[in-house]
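Fold and contact review
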Amino acid sequence: MKTVIIYYSKKNTKKVIDKIAETYEVDLINAETVSEADLSGYDKICFASGIYNGSFHESVLHFAEKNLPEWKKVFFIYTSGFRKEGYTQSIHKICAKKKCRILGNCGALGETNWWRIKYFGWNIKGQPDRGEIMKVIQFYGEMLEKE
Ligand SMILES: Cc1cc2nc3c(=O)[nH]c(=O)nc-3n(C[C@H](O)[C@H](O)[C@H](O)COP(=O)(O)O)c2cc1C
């Protein structure tokens, strides 16, 4: 059964998603421009976002609140400046409230000029690179297999 990715991205997460879409048959919904959709026909639903102030972008959160049916299988993909646990908490909470089964999550680095990254002198220029993208594609394949 077909999978859908609902996403928000300025650049980096979309780069990853486009590679996924080259590999797998998938529908894409941009949460910034689409506010309503019928997701009832999808078995598995992926939410993807760049991380903004510790969370998935609010457009993805709103979309999930409004459109995610109960009892679906969901998983999460994100890109962020830091490698850190907890970035999926906000979207996780919404999906749990809707009794969805959370299959997993995968993060990749994404370059940014966000001041905090500069402050820490963290060099992530060019991210997500090929290795980061391959990691997410492999994760995506695992999610498709997972019951
Ligand atoms: C305003 C702003 C806030 C950000 N907040 C975080 C954050 O809390 N944690 C983090 O690791 N990265 C943070 N970043 C970096 C982004 O998550 C990273 O660049 C991500 O790849 C952006 O994804 P996108 O290009 O798909 O939108 C922030 C970037 C900006 C511009």
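Up top you'll find the structure we're talking about.
Read on for an overview of the structure. Computed from a prediction, not measured in an experiment: that's the story for all the values here.

**Here's the deal with the overall build of the protein chain**
Scanning the protein chain from terminus to terminus reveals 5 helices and 6 strands. Written out in order from the N terminus, the α and β elements of the protein chain read β-α-β-β-β-α-β-α-β-α-α. Seen through its principal axes, the protein chain has C-alpha atoms that stretch 45 × 30 × 25 Å. Within the span of the protein chain, comprising 147 residues, buried residues form 48% of the whole. In the protein chain, the proportion of contacts linking residues at least 24 apart, taken out of those at least 6 apart, comes to 77%.

**Thoughts on the state of the cysteines**
For the coordinates displayed, the defined rule picks out 0 disulfides. Distance from the sulfur of Cys95, which forms no disulfide, to the nearest cysteine sulfur (Cys100) is 5.5 Å. Taking the relative accessible area as the measure of exposure, Cys95 reaches 0% and is therefore buried. What makes Cys100 buried here is its relative accessible area of 10%.

**With respect to the nonpolar core**
Grouped together as the largest cluster of nonpolar side chains are 24 residues, with contacts concentrated most on Ile6, Ile45, Phe47, Phe56 and Ile91. Elements represented by at least two residues in this core include exactly β1 (3-8), β3 (44-52), α2 (58-67), β5 (73-80) and α3 (89-97). Residues Tyr7, Ile137, Tyr140 and Met143 belong to the second largest nonpolar core, which totals 19 residues.

**Things to note about unusual backbone geometry**
Here the residue pair Gln127 and Pro128 is connected by a cis peptide bond, since its omega of 5° sits within 30 degrees of zero. Along the chain, the position of Pro128 falls in the loop between α4 (115-119) and α5 (130-145). Positive phi, close to 60°, is recorded for Lys99, a residue that is not glycine. Here Lys99 lies in the loop between α3 and β6 (101-109).

**Thoughts on helix α1 (residues 12-23)**
For α1, with 12 residues, the first-to-last C-alpha span of 18 Å sits near the 16 Å given by 1.5 Å per residue. Taken together, the buried positions of α1 are Asn12, Thr13, Val16, Ile17 and Ile20. Considered in projection along α1, the buried side chains sweep an arc of 135° and stay on one side of the axis. Buried residues along α1 sit against β1, β2 (26-30), β3, β5 and α5.

**Remarks on the pairing of β1**
Burial analysis of β1 places 6 of its 6 residues in the buried class, which makes it a mostly covered element. Every second residue of β1 is oriented toward a common face, with Thr3, Ile5 and Tyr7 on one face and Val4, Ile6 and Tyr8 on the other, all of them buried. Bridging between β1 and β2 involves 5 bridges; their strand directions are parallel. The partner of Ile6 across the bridge, within β2, is Ile29. Alignment of β1 against β3, held across 6 bridges, turns out to be parallel. The residue bridging Ile6 from the neighbouring strand is Phe47, located in β3.

Parameters and conventions
Residues numbered from 1 in each chain as written. Predicted model: local features only at pLDDT ≥ 70, side-chain atom pairs only at ≥ 80, totals over all residues. Heavy atoms only, no water. Helix = DSSP H or I, 4+ residues; strand = E, 2+ residues; numbered from the N terminus. Buried < 20%, exposed > 50% of the residue type's maximum accessible area, 1.4 Å probe, protein only. Contact = heavy atoms within 4.5 Å. Disulfide = S-S within 2.5 Å. Core = buried A, V, L, I, M, F, W, Y, C linked by side-chain atoms within 4.5 Å. Expected span 1.5 Å × (residues − 1). Arc of directions from axis to C-beta. Pairing = 2+ DSSP bridges.

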